[in-house]
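# Close look at the chain arrangement
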Amino acid sequence: MKKTVLITGATSGIGLGCARKFAENGDRLILTGRNTEKLEAIQQELQAKGTEVLTLAFDVRDRDAARQAIENLPEAWQQIDVLINNAGLALGLEPEYEGNLDEWETMIETNIMGLLTMTRLIVPRMVERGKGHIINVGSVAGDAAYAGGNVYCATKAAVKALSDGLRIDVANTAIRVTNLKPGLVETNFSNIRFRGDADRAATVYKGIKPLTGDDIADVAVYAANAPEHVQIAEVLILATHQASGSVIVRQ
């Protein structure tokens, strides 16, 4: 059955992978992101393959813009079956006592408050219908801190706690909550973390075959299409030569 799937941070990485995989699955998509040009390009790409796509350009940190976008959805798009809270980022890898307060705020506002904003705006309608699915993109970093990860790890630990808490809150309905916890995924993530230093970003993936956005999207599609009595609550997805957030065997 065709679903309406809303994906935040859909212009690159895991979000883009989810857009393409859910499109292949025959679903219709609401794609959000900050870059209007990228959203339009993805929309054209997927529409050319027969997928219905609606784009919404806003930053999940902007609560008013998010509210306006969701409250003004066309009537035909208001029933969202799957919410994928994917928008997120890491900035810097400094020790906690040397970190940048503005960058910490950006991570917290995006990774935690952005997720909460979208959840608060969309899930009430799922509760009214008694069904729906929220897929939060967390991280292996939420299981244990690693050197320099401090605040980013804390935000992803929060994603786990918020996913668990929401799952408890909706247990009396048929709403499902999934927390995906990727390990090393080769996206624009490290380039952003190192503030555009592409050479430094490339070292993150040196000597190991990392996951791709499509790999994580495959798991998201599986979770969203599991039988109705099956809730994929949490999935840790690692590259074969990664054992944890801090143990990576490079060859």
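Note that the coordinates shown come from a computational prediction; the quantities given were computed from them, not determined experimentally. The numbering scheme is per chain: residues are counted from 1 as the chain's sequence reads. Local features in this predicted model are restricted to residues of pLDDT 70 or higher, and side-chain atom pairs are both shown and tallied only at a pLDDT of 80 or more, whereas totals for entire chains, interfaces and linings draw on every residue. For the side-chain quantities, the full set of heavy atoms in the structure was used; hydrogens and water were omitted.

## Brief notes about the pairing of strand β6 (residues 174-182)
Most of β6 sits inside the fold, with 8 of its 9 residues counted as buried. When the strands point away from the viewer, a crossover counts as right-handed if the route from the first strand across the helix to the second turns clockwise. Numbering of helices and strands starts at the N terminus; helices are DSSP runs of H or I of at least 4 residues and strands are runs of E of at least 2. Following the chain from strand β5 (residues 131-137) across helix α5 (residues 150-169) to the adjacent parallel β6, one finds a crossover that is right-handed. In the sheet, β6 pairs with strand β7 (residues 234-237) via 4 bridges, with the strands oriented parallel. Bridge pairing links L180 to V235 in β7. Burial classification: accessible surface area is computed with a 1.4 Å probe over protein chains only, and a residue below 20% of its type maximum counts as buried, one above 50% as exposed, and the rest as partly exposed. Paired strands, as defined in this entry, are two strands with at least two bridges between them according to DSSP.

## Digging into the packing of helix α1 (residues 13-24) against helix α2 (residues 36-47)
Axes, fitted as lines to C-alpha atoms, cover a helix only where it is in contact. Angles between the N-to-C directions of the axes lie from 0 to 180 degrees. At a minimum axis distance of 11 Å, the contact between α1 and α2 shows a crossing angle of 20°. As far as their axial angle goes, α2 and α1 are roughly parallel. Judged by the twist between their axes, the crossing of α1 over α2 is right-handed. Across the interface between the two elements, L16, A19, R20 and A23 from α1 touch I42, E45 and L46 from α2. To sort the angles, those under 35 degrees are grouped as roughly parallel, those over 145 as roughly antiparallel, those from 65 to 115 as roughly perpendicular, and the leftovers as oblique. Crossings are classed by handedness, with left-handed meaning an anticlockwise turn of the near helix from the far one by less than a right angle and right-handed meaning a clockwise turn. In this description, contact between two residues means that some pair of their heavy atoms is separated by no more than 4.5 Å.

## Some words on the packing of helix α4 (residues 101-129) against α5
Closest axis-to-axis distance for the α4/α5 pair is 8 Å, and the angle between their directions is 15°. When the axis of α4 is compared with that of α5, the two are roughly parallel. Between α4 and α5 lies a crossing whose hand is right-handed. Contact residues: α4 offers W104, M107, I108, N111, I112, L115, L116, T119 and V123, while α5 offers N150, V151, Y152, T155, K156, A158, V159, L162 and L166.

## Structural notes on the nonpolar core
Of all hydrophobic cores here, the largest spans 40 residues; its most connected members are I7, F22, L29, L31 and I84. Listed by contribution, the elements that provide at least two residues to this core are β1 (4-7), α1, β2 (28-33), α2, β4 (82-85), β5, α8 (213-224) and β7. The biggest single contributor to this core is α8, with 7 residues. The contact partners of I84, leaving out residues within four places of it in the chain, are V5, L6, I7, T8, C18, F22, I135 and V137. Among the nonpolar cores identified, the runner-up in size contains 23 residues, and I80, L83, M126 and L166 belong to it. For the purposes of this section, nonpolar cores are sets of buried Ala, Val, Leu, Ile, Met, Phe, Trp, Tyr and Cys residues that join through side-chain atoms within 4.5 Å.

That's the geometry; what it means functionally is another story.
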